[in-house]
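Reading the structure
What follows is each chain in one-letter form.
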Amino acid sequence: NAGVIQTPRHKVTGKGQEATLWCEPISGHSAVFWYRQTIVQGLEFLTYFRNQAPIDDSGMPKERFSAQMPNQSHSTLKIQSTQPQDSAVYLCASSFPGQKFSNERLFFGHGTKLSVL
Amino acid sequence: QQQVRQSPQSLTVWEGETAILNCSYEDSTFNYFPWYQQFPGEGPALLISIRSVSDKKEDGRFTIFFNKREKKLSLHITDSQPGDSATYFCAASAGGSFNKLTFGAGTRLAVCP
């Protein structure tokens, strides 16, 4: 099991460009979460999907950010017109709804470090 | 409003000492409290967790003490090892299916040999 796979590991964009981040959850996990990590804000919840359906996007900035899960094997986070303040590590996590309470254990990927110049 | 708070921000201990990391929360509906460990360049990984029905959870050198009345908990790492040097995040959720975790800001632990 390769764990949660995130690509790319590092991405550098110019201000105003678009960035698409990819996540492949662990096979069989039906919940996928996106978090953003910065030194100042720590780990911030962005959005999550359950069985590919968007469940809670309360942490997503209303403009420029969007997330999709077109199939059970991958999810994308897209940031349009990137700004320097979007620079962060974007973490994807997946969870398995198996035994009671086990769905609350998140398995994180290594993250994608986004740098907006 | 920061719902989960951690202290100290950073902590340095000598090898063999006990490191104590503190966490407090605001939301009384929180009933599940995992601690995640993160090494540089990696994502956080679940270390140990506790539910609000318990006041203590032990796993090897790691122990969580939980005080529901005061909405506080702490992670004790006994016989600290240099390999324990990492950032530790306290998190909380209201439980149930796929409830999102709210993370604290983390405590950076350094264990000196």
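See the structure shown above.
Residues numbered from 1 in each chain as written. Chains lettered and ligands numbered in written order. Predicted model: local features only at pLDDT ≥ 70, side-chain atom pairs only at ≥ 80, totals over all residues. Heavy atoms only, no water.

1. A word on the sheet that holds strand β8 (residues 74-79) of chain A
Residues and elements named next belong to chain A. Strand order in the open sheet made by the four strands is β1-β3-β8-β7, with antiparallel pairing throughout. Looking at the sheet topology across the chains shown, the edges are occupied by β1 (5-7) and β7 (65-71). When strand polarity is set aside, the average angle formed by the axes of neighbouring strands in this sheet is 20°. Where strand β3 (residues 19-24) and β8 come together, five bridges link them in antiparallel fashion. If you follow Trp 22 over to β8, its bridge partner there is Thr 76. (Pairing = 2+ DSSP bridges. Helix = DSSP H or I, 4+ residues; strand = E, 2+ residues; numbered from the N terminus. Axes fitted to C-alpha atoms, helices over the stretch in contact; angles between N-to-C directions.)

2. Quick word on the sheet that holds strand β1 (residues 4-7) of chain B
Residue and element names in this part refer to chain B. Spatial strand order, β1-β3-β8-β7-β6: five strands in an open sheet with antiparallel pairing. At either end of the open sheet lies a strand with only one pairing partner, and these are β1 and β6 (56-59). On average, each strand axis in the sheet is inclined to that of its neighbour by 15°, with strand direction left out of account. When β1 meets strand β3 (residues 19-25), the two strands line up antiparallel, connected through four bridges. Counterpart to Arg 5 in the pairing with β3 is Ser 24.

These figures come from the coordinates and say nothing about function on their own.
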